Each structure stands twice: as structure tokens, then as C-alpha cells.
Amino acid sequence: MAKVITVTNQKGGVGKTTTSINLAFYLAKAGKRTLVVDFDPQGNASSGLGVEKKDLEKTMCEVMLGECELKDIIVKNKAKNLFIAPTIPELANVEVEIADADGKFTILRNAISSVREDYDYIIIDSPPSLSLLTVNGMIAADYLLLPVQTEFYALEGVAQLLESMNLVKKGMNPDLKLLGVLATMYDRRTTLSSEVLAEVKKYFKDKVFETTIPRNVRLAEAPSHGIPIGQYDRFSKGAKAYKALAEEVMERTE
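Residues numbered from 1 in each chain as written. Predicted model: local features only at pLDDT ≥ 70, side-chain atom pairs only at ≥ 80, totals over all residues. Heavy atoms only, no water.

Undergrad: Would you mind showing me how to read the overall build of the protein chain here?
TA: The helix and strand tally for the protein chain stands at 11 helices and 8 strands. Relative to the globule expectation of 18 Å for 254 residues, the C-alpha radius of gyration of the protein chain, 17 Å, shows essentially globular dimensions. Taken over the C-alpha atoms alone, the protein chain extends approximately 50 × 40 × 30 Å along its principal axes. For the protein chain, the share of sequence-separated contacts (at least 6 apart) that also reach a separation of at least 24 residues comes to 79%. On the protein chain, roughly 11600 Å² of surface is accessible, and the fraction owed to carbon and sulfur atoms is 49%. Separation between the mean location of the 32 positive side-chain charges and that of the 34 negative ones in the protein chain comes to 7 Å. (Helix = DSSP H or I, 4+ residues; strand = E, 2+ residues; numbered from the N terminus. Rg over C-alpha atoms; globule rule 2.2 N^0.38 Å. Contact = heavy atoms within 4.5 Å. Areas by Shrake-Rupley, 256 points an atom, 1.4 Å probe, with all protein chains shown as cover. Lys, Arg positive; Asp, Glu negative; His and termini not counted. Charge placed at Lys NZ, Arg CZ, Asp CG, Glu CD.)

Undergrad: How should I be thinking about the sheet that holds strand β1 (residues 3–7) in this particular structure?
TA: Strands belonging to one sheet form pairs held by backbone hydrogen bonds; the direction of such a pair is parallel or antiparallel. With respect to topology, 8 strands assemble into an open sheet ordered β3-β4-β2-β5-β1-β6-β7-β8, the strand pairing being mixed. Two strands in the sheet have a free side with no partner beyond their single neighbour: β3 (75–76) and β8 (208–214). Bridge count between β1 and strand β5 (residues 121–125): 5 bridges; the pairing is parallel. Across the sheet, the residue bridging to lysine 3 is tyrosine 121, located in β5. Each of β1, β2 (34–38), β4 (82–85), β5, β6 (143–149) and β7 (177–186) touches helix α1 (residues 16–29); the most contacted strand, β5, lies at about 165° to it. (Pairing = 2+ DSSP bridges. Axes fitted to C-alpha atoms, helices over the stretch in contact; angles between N-to-C directions.)

Undergrad: Teacher, can you tell me more about the layout of surface pockets here?
TA: Empty pockets left among the atoms are what a rolling probe the size of a water molecule brings to light. Each pocket or cavity is described by its volume, and for the largest pocket that value is around 510 Å³. Gly15, Lys16, Thr17, Thr18 and Met185 are the residues nearest the centre of the largest pocket, which is lined by 30 residues in total. At the level of elements, α1, α2 (44–48), β7, β8 and α9 (217–221) are the ones that each hand at least two residues to the lining of the largest pocket. The greatest single-element share of the lining of the largest pocket, amounting to 5 residues, is contributed by α1. Among the residues forming the lining of the largest pocket, the class breakdown is 15 nonpolar, 11 polar and 4 charged. Computed from the structure, the second largest pocket encloses a volume of approximately 220 Å³. Together, Tyr186, Asp187, Arg188, Arg189, Thr212, Pro214, Arg215, Asn216, Lys237 and Ala241 line the second largest pocket. Listing elements by their share of the lining of the second largest pocket, those giving two or more residues are β8 and α11 (237–253). For the lining of the second largest pocket, the class distribution of residues is 3 nonpolar, 2 polar and 5 charged. (1 Å grid on protein atoms, 1.4 Å probe; cavity = no way out; pocket = protein on both sides within 12 Å on 5 of 7 lines; lining within 4 Å. Points joined across faces, edges and corners; volume = space filled by probe spheres on them. Nonpolar A, V, L, I, M, F, W, Y, C, P; charged D, E, K, R; others polar.)

Undergrad: How should helix α6 (residues 132–140) be read in this particular structure?
TA: Counting along an α-helix, one turn takes 3.6 residues, and residues three or four places apart therefore face a common direction. Counting buried residues in α6 gives 8 out of 9 residues, a clear majority hidden from the surface. Buried residues of α6: Leu132, Leu133, Thr134, Asn136, Gly137, Met138, Ile139 and Ala140, and no others. (Buried < 20%, exposed > 50% of the residue type's maximum accessible area, 1.4 Å probe, protein only.)

Undergrad: What should I look at first to understand the packing of aromatic side chains in this one?
TA: Each aromatic ring pair is described using two quantities: the centre-to-centre distance and the angle formed by the ring planes. Counted under the stated rule, the structure contains 4 aromatic pairs. Taking the centre distance of 5.0 Å and the plane angle of 80° together, the rings of phenylalanine 25 and tyrosine 26 count as edge-to-face. For phenylalanine 25, a relative accessible area of 6% translates into the label buried. Take tyrosine 26: its relative accessible area is 6%, and that puts it in the buried class. Plain terms: the ring middles of phenylalanine 83 and tyrosine 119 are 5.5 Å apart, the flat faces sit at 70° to each other, and that makes the pair edge-to-face. With a gap of 36 residues between them, phenylalanine 83 in strand β4 and tyrosine 119 in the loop between α5 (107–113) and β5 connect regions that are remote in the sequence. As far as burial versus exposure is concerned, phenylalanine 83 and tyrosine 119 are alike and both buried. (Phe/Tyr/Trp six-rings, centres within 6.5 Å; stacked < 30°, edge-to-face > 60°.)

Undergrad: For this particular structure, what's the right way to read the side chain of aspartate 187?
TA: With respect to the secondary-structure elements, aspartate 187 resides in the loop between β7 and α8 (191–204). Judged by its relative accessible area of 15%, aspartate 187 falls in the buried class. Engagement of the side chain of aspartate 187 in a polar contact is seen with the side chain of arginine 189, the distance being 3.0 Å. (Polar contact = N/O pair within 3.5 Å; in protein donor to acceptor, adjacent residues only side chain to side chain.)

Undergrad: How should I be thinking about the pairing of β7 in this particular structure?
TA: Residues in a regular strand project their side chains so that they alternate between the two faces of the sheet. The buried count for β7 comes to 8 of 10 residues, which makes it a mostly enclosed element. Where β6 meets β7, 7 bridges bridge the pair, whose relative direction is parallel. Within β7, the position partnered with leucine 144 by the bridge is leucine 178. By the bridge criterion, 3 bridges tie β7 to β8 in an arrangement that is parallel. Looking at the pairing, alanine 183 lines up with threonine 212 of β8. Considered for its hand, the β-α-β crossover made up of β7, α8 and β8 is right-handed. (Right-handed = clockwise from strand over helix to strand, strands pointing away.)

These figures capture arrangement, not role.
Right under this line is the structure:
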């Protein structure tokens with residue numbers, strides 16, 4: 001039965017999609033059958049894993065509208081054990097369409113339940129907002145992984161996100177856990193990064209991953225080639241960091 005991890009932060013530009021793609025790649029490389037569910041209308045996880053969106057007949061849009069099952073849209077990645085359920089920008093319109101639907105908060109959970117037996121890990125890449133899609137992602141998950149940028153305003157909005165998580169726990173997903181907080185875009189040469197990391201650790205204590213994700217040009221370049229950092233430059237600092245994160249995630253979930 002797959003462990004479902006939703007990568008979420010209502011703040012944009014924190015490395016959420018980069019984390020979803022590269023964590024999934026290294027889990028797959030460790031022999032775990034891993035599915036990435038691209039649940040952000042921007043569709044960056046899809047393109048970052050080499051999916052040609054123009055060739056897609058069905059995506060997460062059709063899944064959310066009940067027009068097909070999740071298994072019908074899954075694309076096999078070139079990397080062994082790695083799969084993706086792609087999306088396109090129209091997912092934003094779908095959110096409006098399902099706003100008044102019965103069971104609108106559990107559509108994703110129900111869709112995922114039909115494929116949980118087929119994978120070891122399912123990684124959901126959420127949109128950078130507190131939306132109906134984000135709540136679907138929280139309700140579908142066993143764990144939340146929260147990337148936090150080590151820059152000014154790092155913790156801005158985090159309290160609201162945690163409040164939403166607690167409401168979801170009380171109402172619809174009592175088993176939801178915070179898997180961990182991941183410091184991203186960390187630059188050990190700057191005082192600011194160190195100060196923000198210390199602040200994050202003070203706030204979240206042992207929930208902060210030991211691994212930090214560095215600022216790394218190679219990490220930024222990889223998505224434009226449609227491949228994870230482990231295929232683009234496996235010796236880069238970014239690759240080593242995500243490999244270490246995958247090991248931590250496996251330790252915390254097994």
C-alpha cells in the first residue's frame with residue numbers, strides 16, 4: 001500500500017515542484033515504485049519529467065471530473081520505477097467546475113485509492129495556494145512535506161497552512177501527519193540562510209529534515225531538459241541533497 005505524501009506550501013517559489021520531482025526520482029532509484037501526481041495547474045512537474053502536454057488525451061482534469069480513472073492517465077517515465085499522472089493549465093478551470101459538487105473535497109483521495117496497491121510512494125505536487133485543490137491534496141495524503149525557503153518571510157503563511165492541516169485532521173483525515181519541513185535554497189555562505197534555518201528549527205524542532213537543499217544552478221537547469229537532477233547531473237550538490245532527502249523520507253515512513 002503506497003504512502004501518500006503531499007508536497008505543499010501556499011507560498012510560491014519555494015522549490016515545491018523541484019522537491020516533488022527529485023524526491024520521487026530518488027525514491028524510484030531506491031527501488032520504490034513511485035507515482036508523481038501533478039496537481040498544480042501550472043503543470044511544471046509534468047514538463048519537468050519530460051511529458052509532452054500537447055500529446056495528452058487525458059489528464060488530472062478528466063480524473064477530477066470523473067470522466068476517467070487515475071490509472072488511465074498515468075505515464076511511465078524513462079527512469080525505472082517512476083510514473084507520472086500529468087496535468088495541464090485547465091485544471092484551474094476544473095476547480096471552479098467542482099466547487100459545488102458533492103464530495104468535492106475527497107475526489108483526489110477516491111481517485112488515488114484505486115491505485116494505492118500499485119505503488120510504494122505517491123507524491124502529490126500541490127498548487128501554491130490554499131485552494132480546493134490543496135485541500136484535496138491534504139485529504140488524500142498520509143503525510144505533508146513542507147518546503148520552506150531560507151530567505152526573508154520564510155514562515156509567512158505557514159501558520160495558516162498548519163491551521164488548514166489541523167482542520168483537515170479534525171474533519172476528514174485524522175491520520176494526516178507532518179512528515180517534515182525541508183529547508184530549500186539554502187546558502188551556507190550567508191548569515192541570512194543560517195538565521196532563517198535556525199528560526200525554522202526553533203519553530204518546527206525535530207520535524208525539520210537534516211538535509212537542506214542548496215542553491216544550485218544545475219537544479220535550476222534540469223527541468224528545462226525534462227529530466228530530474230539525478231539524470232542531469234548526479235554529481236551536483238543538488239542531486240546529492242535530494243538523494244539524502246529520499247533516504248530520510250524512507251526512514252521516517254517505513
